[in-house]
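Overview (structure and organization)
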Amino acid sequence: HRDLHSFPTRRSSDLATLGISEEQIESHVKTYKMHYRQISCQKTVLLPQAVKALELASQHAELGVVTTKTSKYSIELLEHMGIMHYFKVLIGREDVTYPKPDPEPIFKAISKLQSDKNKCWMIGDTPMDILAAKGAGIHAAAVKCGYADETALSPLTDHVYENAYKAVQFISIS
């Protein structure tokens, strides 16, 4: 999915450079999260051919989500879009100590899926996704229809596709 109203996750030091005092940072983040929760379902759309990709992928594998968003909001969003039932596992920001690009969330998802790491693929639309997959020692496929373009993704993987459906087609015949 893609947020049309996107606000990058910021560290305290990033917010401080915007002129926000340390005392105000927590309040700003809390206000943003409350606002995001209210608008996320209306401001988020599925990437092109996402449902088709999920239908094909679910015929060949158990699926999971690894996100830097919180599990609670991600589940609500995926349920709103009518696609949560495709996923056996969802690992959110609060489920790990170190989020992507660290491989910890991928390791946790693989463990919950009880999967063979050598048969796992990460399909992602950001360099963080691909770096996390590489760190976890799993295959990675990038899609150009999300947050990053081919210029950012192609140095990280040989598998760059127009959308998730094209990536799943490749993986299902591999």
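See the structure shown above.
Attention here is on the structure that accompanies the text.

What counts as what
Residues numbered from 1 in each chain as written. Predicted model: local features only at pLDDT ≥ 70, side-chain atom pairs only at ≥ 80, totals over all residues. Heavy atoms only, no water. Helix = DSSP H or I, 4+ residues; strand = E, 2+ residues; numbered from the N terminus. Buried < 20%, exposed > 50% of the residue type's maximum accessible area, 1.4 Å probe, protein only. Contact = heavy atoms within 4.5 Å. Phe/Tyr/Trp six-rings, centres within 6.5 Å; stacked < 30°, edge-to-face > 60°. Lys NZ or Arg CZ within 6 Å of the ring centre and 35° of its normal. Right-handed = clockwise from strand over helix to strand, strands pointing away. Arc of directions from axis to C-beta. Polar contact = N/O pair within 3.5 Å; in protein donor to acceptor, adjacent residues only side chain to side chain. Pairing = 2+ DSSP bridges. Salt bridge = Lys/Arg side-chain N within 4 Å of Asp/Glu carboxyl O.

1. Looking at the overall build of the protein chain
Helix and strand content of the protein chain: 8 helices and 7 strands. In the protein chain, which comprises 174 residues, the proportion classed as buried is 40%. The long-range fraction of contacts in the protein chain, counting pairs at least 24 apart against all pairs at least 6 apart in sequence, stands at 54%.

2. Overview of the packing of aromatic side chains
By the definition in use, this model includes 2 aromatic pairs. On the numbers, 5.9 Å between centres and 85° between planes, the contact of Trp121 with Phe170 is edge-to-face. With Trp121 in strand S5 (residues 121-124) and Phe170 in helix H8 (residues 164-173), this residue pair connects regions lying 49 residues apart in the sequence. Exposure remark for Phe170: the relative accessible area of 26% places this residue in the partly exposed category. Aromatic rings pair up to connect Trp121, Tyr161 and Phe170 into one cluster. Above the face of the Tyr165 ring, Lys52 is positioned so that its terminal group lies 4.5 Å from the ring centre.

3. Quick look at the pairing of strand S4 (residues 87-91)
With 4 of 5 residues buried, S4 lies mostly within the body of the structure. What joins strand S3 (residues 63-66) to S4 is helix H4 (residues 71-80), and the crossover it makes is right-handed.

4. Overview of helix H5 (residues 104-113)
When we look at burial in H5, the residues that qualify are Pro105, Ile106, Ala109, Ile110 and Leu113. What you see down the axis of H5 is that its buried residues fit within an arc of 135°, all on one side. Those residues of H5 that are buried are in contact with S3, S4, S5 and helix H6 (127-136). At the exit of H5 stands Gln114, carrying a positive phi of roughly 55°.

5. Focus on the side chain of Thr157
By secondary structure assignment, the location of Thr157 is in the loop between helix H7 (150-153) and strand S7 (160-161). Of note is the side chain of Thr157, whose polar atom sits 3.0 Å from the backbone oxygen of Ala140. For Thr157, the side chain forms a polar contact with the main-chain nitrogen of His159, separated by 3.1 Å. Those residues in contact with Thr157 that sit more than four places away from it in its chain are Ile130, Ala140 and Ala142.

6. Structural notes on the pairing of strand S6 (residues 139-143)
The element S6 is extensively covered by neighbouring structure, given that 4 of its 5 residues are classed as buried. With H6 bridging S5 and the parallel S6, this β-α-β connection has right-handed handedness. In the sheet, S6 pairs with S7 via 2 bridges, with the strands oriented parallel. Residue pairing across strands places Ala142 opposite Val160, the latter belonging to S7.

7. Examining the environment of Ile110
Positionally, Ile110 belongs in helix H5. Assessed through its relative accessible area of 12%, Ile110 is described here as buried. With 21 residues separating them in the primary sequence, Ile110 and Val89 have C-alpha atoms 9.0 Å apart. In contact with Ile110, other than residues within four places in its own chain, are Ser115, Lys117, Cys120 and Ile138.

8. Section: the pattern of salt bridges
Summed over the entire model, instances satisfying the criterion amount to 4 salt bridges. Linking Lys88 and Glu62 is a salt bridge whose minimum nitrogen-to-oxygen distance equals 3.1 Å. On the criterion of sequence distance, the pair formed by Lys88 in strand S4 and Glu62 in the loop between helix H3 (50-60) and S3 is long-range, its members being 26 residues apart. Of the charged contacts, one joins Lys144 and Glu162 as a salt bridge, the two residues approaching to 2.6 Å between their closest N and O atoms. Taken as a pair, Lys144 in the loop between S6 and H7 and Glu162 in the loop between S7 and H8 lie far apart in primary sequence, 18 residues in all. The class of Lys144 is partly exposed, set by a relative accessible area of 26%.

Scope: geometric values only; no functional claims are made or implied.
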